[in-house]
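Coordinates in review
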Amino acid sequence: MSMAIKESALYRGRRLLGAALVFLAFAPSLSGETRLFSFTTSKGLPVKVLQDNEMPFIHAELQVYLDGRAQNANSLAITQLAVMNMFERSLNSPSSNLADMLLRQGNDYQVELGPESVKISMNFLPDRLGPFSKLLNEIFTYKSFHLKKFNESKERFWSLFLKNRDWRKEIAVLLAYQQLIGNFYFSQSFLLQETLNKINLAQLRSFLLRTFRPDNAQLILKGRINPYFILGMIEKDLPQPPSLPLQARKPEAALNTGRRIVVLNVDSPDLPSVYWFDVAPAADSAAFIPYAIGNFALFGFPGGRIYQSEKNQALMGGYKVNTDVVFFKDFTLFCNYLRLNYGDLENFLLLVDQERRKFSVRPVERKEYLDALNYYIGHAQVESSRFDYDLRGEISRFQGQGASLLASRIGPELFQDVSLSRVVQTMDEQMGAKSRTGPKEKGIVVLIGSADAIVKNLKLLKTEALEMSLD
Amino acid sequence: MIKARLLCWLLLVPLIPLSAQSLTVSSFDLPNGLKVILAPSGNSQAAAVCVYHMHGARSDPADGRGIAYLYQYLMFDGNENLEPYDHVLFIGKMGGVVSGRVSYDNSVFYEMLPAQEINVALWLESERLKSLRLRDANIDFHKNQIFNRISRLWEANLGFKAQTWVSSKVFEGLPYEFPLYGDLNRIPSLGNERIRENYPNFQNLANILLIIAGKFDISELRNGINKFFQDIPPGRRSASPVFNAQNQRKSPVLKNWVVPGLKKSMAVFGIKAPAKISYNYMYFDFLRYYLTDARISRLNHILNTVNKLDVEIESSFTDYMEANCLIIQISHPKRINLEKARFVLASEFQALASKPLGNSEVRAVRSLMEIDLLKGMLSPEERCQRIGEYFHMFGELNFFDVQLRRLRRITSYDVQESAKKYLLKENQVVLNVYGN
């Protein structure tokens, strides 16, 4: 009897101890705040873990870097085909090990191909965290190319490329990027079928060997994650990078920010799309937010000058311009885009130019500045409720506070360096507002729609437009 | 033994935040009858204010179909204190988002905005509940806009026309039989007086839920709600809505249209699916994911990857409370491909009904559904809508745990049973559209 009591007391003690240990292990993570853990694995993969225990699933972003400055039509075709063969769901016959693993992981993934990176983002349940490191290993050591599938990917390239993605924006970004870095290798088409046909499997394998390696990538994980657990798993499963040295990137060169209008001919009944690109400072630069404020003062809805002018002059139907920011290593690209009637195209482009020029005589005013600042903070707060919103921005908010500290909230304190004069100065420097009277206009404009209808409606700007087709 | 208990503890601890998140939904009633539902979430800097009307197009009088759909637009036209589109401008200026839609069973209007500005959204919503600008000019403007837009769509988009016909056949005899906008040709002649008279039914406070999700301070929020909503006159309490899950169809419908000059033939399949209130809904939803969700898309796999038919596949799902319709549209320039596709589709439906899916497939689809459910719970506006719908259907607030538990328990047997019931030929309406 006394033995039984002793044993039961012992059990109770151990149970309490167990419970206490478990509580201690999870106590900091129950606070409901996000924490950043940052490390680089012995195989060279930088990993950032945003531990957020209110998020009941895990979001992962693997970014594999490409050398956008050295790209040409051939390498573009190789990259597109490699990614398609690895990740396109419709090409999963015969099935590859990677496709099976992705399916078991939940199959909620998407791949975005940009000029400087391939971004693979996925969501999965916490119980799939263990298999995730094996999936990473499979991505970095992918060898399951299949000739039949490869040939099919070339045959069905365009139908697969245009499916389930915002291909208009993807192509527009690529065209603008190439114009900016002075490596515009296109002649009259985006990607020719004959270029695709020339690619062979050996080129795809060699591409993967050179680029899909842990020391040429970055992994961001967000969710209810024990960072030490995932670090151990990744260390265990990640392959050694190939002995082949990482290719040196082309040195950074001055950006060609001169004006260019590119017309991409697409046979579609939809309204044409306008993408207006401007180069802005890199995301970690102090001039980035002032630029964003200035851009809002110009393109923003409803307070932006372009929208107000449209309304006041009753020129068009009051088009709302959307803005996206595309991040690159050395700079960012502000992409202001909208769809409008063919008849309004030229008026809109001329109006944008006119308002940009006005910046030199009428810089951003106090009210515009306050409105833009207010919008910028509010928008960031609203968007931050999305689990995958601007993870890089979230990570950068930890900078300066040291790793493992709680993230600062988005609020006015973020903008203490963003004075009105700073905005005005940045807009002058970056948009060239003061040199607007000079001969060189800035901004790359990509128009996507029926080339005939676009060119017919561009009377004054016709000579500036470069026409090209999809294939 | 100790190890097992420790393991249980370890397994339980990660669940704490999830349960806490789902259990914090609470509600209270204002003296005027407005039900307020609060779903806080600590780790967000945004809040969603949602006005959920338990009133939709199905409540329109038979000779006034389309009135509720008009309110969708009139709700943004302001009142004596607000100008048209002030909602959009006020919320847009602070970086937020405004949206609203009228459906058959309900109507939902919401604002997503920075948490500290929540009172602005409360004020805007209270203004909308107090009065609306229902002048002839406004109403006529929107009647014309709707008429022109739908007419254009009707003329230019054969797919829209075909899908409208198919869903009207699937829902024969149900409140969902007629389009949301009613009879297109009768829109311009809808009487403005009738529209104004019907408005108090739509804005009846007794049928409205005010749902707030995201970050907020409860006492401040209560003050705000009292300040803006307590003066709104109470509505007339009507009987709680009773939904009846409708059965599947008993006989198939097959119809052919010949459209001269058509470049792409198409086949539109309408499958009558279980009601949202039905126990079978989740099992059919599983089938829908499996067959049509772009991330799994079994249909794309069997039609295009395996059989190389190169057909275009589009699908849509209605998501109504008493019955639903899954529409699958397959198109291709060559009629022979379409015929083959039809045969492959029928075989696939047959296979799903005759043998259970493999465990790995069931697990994959279940994971995907669970991830989507969890994503929905993280998004304040979607959370509001789901809470509203669940309360509307079942009168309960905390549905999340129940849904999640049921979802995790779906087996291949459940899916097979659902396929047997709903993928039958008798339960389908098929429309073929050919060129001559």
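Conventions used here
Residues numbered from 1 in each chain as written. Chains lettered and ligands numbered in written order. Predicted model: local features only at pLDDT ≥ 70, side-chain atom pairs only at ≥ 80, totals over all residues. Heavy atoms only, no water. Helix = DSSP H or I, 4+ residues; strand = E, 2+ residues; numbered from the N terminus. Buried < 20%, exposed > 50% of the residue type's maximum accessible area, 1.4 Å probe, protein only. Contact = heavy atoms within 4.5 Å. Core = buried A, V, L, I, M, F, W, Y, C linked by side-chain atoms within 4.5 Å. pLDDT = per-residue confidence, 0-100. Phe/Tyr/Trp six-rings, centres within 6.5 Å; stacked < 30°, edge-to-face > 60°. Lys NZ or Arg CZ within 6 Å of the ring centre and 35° of its normal. Pairing = 2+ DSSP bridges. Axes fitted to C-alpha atoms, helices over the stretch in contact; angles between N-to-C directions.

We now examine the overall build of chain A. Scanning chain A from N- to C-terminus turns up 17 helices and 12 strands. Across the 471 residues in chain A, those meeting the buried criterion constitute 54%. Sequence-distant contacts in chain A: of pairs separated by 6 or more residues, those separated by 24 or more amount to 82%.

Turning our attention to the nonpolar core. Most often, soluble globular proteins keep nonpolar side chains buried together rather than apart. The biggest cluster of nonpolar side chains holds 151 residues, and the ones touching the most others in it are Leu210(B), Ile212(B), Ile225(B) and Phe229(B). Sequence-distant contacts of Leu210(B), defined by excluding residues within four places in its chain, comprise Leu34(B), Lys35(B), Val36(B), Ile37(B), Val49(B), Cys50(B), Val51(B), Leu122(B), Ile225(B) and Phe229(B).

Moving on to the confidence of the model for chain B. Predicted coordinates in regions of low pLDDT should not be interpreted in detail. All names here are of chain B. Per-chain confidence: chain B averages 89 in pLDDT, with 94% of residues scoring 70 or above. Helix α10 (residues 281-292) holds the highest mean pLDDT among the elements of chain B, 97, whereas helix α2 (residues 16-23) holds the lowest, 44. Counted against residues more than four places away or in other chains, residues 6-23, with its pLDDT under 50, gives 29 contacts.

What follows deals with the packing of aromatic side chains. Using the criterion set out here, one finds 38 aromatic pairs over all chains in the structure. Taking the centre distance of 5.0 Å and the plane angle of 85 degrees together, the rings of Phe57(A) and Phe387(A) count as edge-to-face. Placement of Phe57(A) in the loop between β2 (46-51) and β3 (58-65) and of Phe387(A) in the loop between α14 (366-383) and α15 (391-396) is noted, with a sequence separation of 330 residues between them. Across the pair, exposure class does not vary: Phe57(A) and Phe387(A) are buried alike. Relative to Tyr320(B), the ring of Phe171(B) lies with its centre 5.8 Å away and its plane at 45 degrees, an arrangement referred to as tilted. In this pair, Phe171(B) sits in the loop between α7 (158-170) and α8 (192-202) while Tyr320(B) sits in the loop between β9 (312-317) and β10 (324-332), placing the two residues 149 residues apart along the sequence. The two residues Phe171(B) and Tyr320(B) agree in class, both being buried. Through a chain of ring-to-ring contacts, the aromatic side chains of Phe288(A), Tyr291(A), Phe327(A) and Phe334(A) assemble into a single cluster. Geometry around Phe178(B) places Arg65(B) over its ring, the cationic atom sitting 3.7 Å from the centre. One Lys or Arg, Arg128(B), reaches over the ring of Phe76(B) and ends 5.0 Å from the middle of that ring.

All right, on to the sheet that holds strand β3 (residues 46-53) of chain B then. Taken in spatial order, the six strands of this open sheet run β1-β2-β6-β3-β5-β4 (chain B), and their pairing is mixed. Each edge of the open sheet is held by one strand with a lone partner, namely β1 (26-29) and β4 (97-102) of chain B. Geometrically, the sheet is characterised by an average inter-axis angle of 15 degrees between neighbouring strands, direction not taken into account. Sheet topology note: the β3(B)/strand β6 (residues 208-214) of chain B ladder contains seven bridges and is antiparallel. Paired with Ala48(B) across the bridge in β6(B) is Ala213(B). Of the strands in this sheet, β3 and β5 (107-114) of chain B are in contact with α14(A), which crosses β5(B) at around 120 degrees.

Further remarks concern the confidence of the model for chain A. On average, residues of chain A carry a pLDDT of 82, and 81% of them reach 70 or more. Overall, residues 16-31 of chain A carries pLDDT values under 50, and its contacts beyond four positions in sequence, including any with other chains, amount to 14 contacts.

A few words now on the sheet that holds β9(B). Residues and elements named next belong to chain B. With respect to topology, five strands assemble into an open sheet ordered β7-β11-β8-β10-β9, the strand pairing being mixed. Only two strands of the sheet have a single partner each, and these edge strands are β7 (253-258) and β9. Strand-to-strand, the axes of this sheet are offset by a mean angle of 15 degrees, without reference to chain direction. Pairing geometry for β7 and strand β11 (residues 428-434), over six bridges, is parallel.

Residues and elements named next belong to chain B. Most of strand β2 (residues 35-40) is tucked away: five of the six residues are buried. Of the strand pairs in this sheet, β1 and β2 are connected by four bridges, and their pairing is antiparallel. Counterpart to serine 27 in the pairing with β2 is isoleucine 37. Pairing geometry for β2 and β6, over six bridges, is parallel. Note that in β6 the partner of alanine 39 across the bridge is alanine 213.

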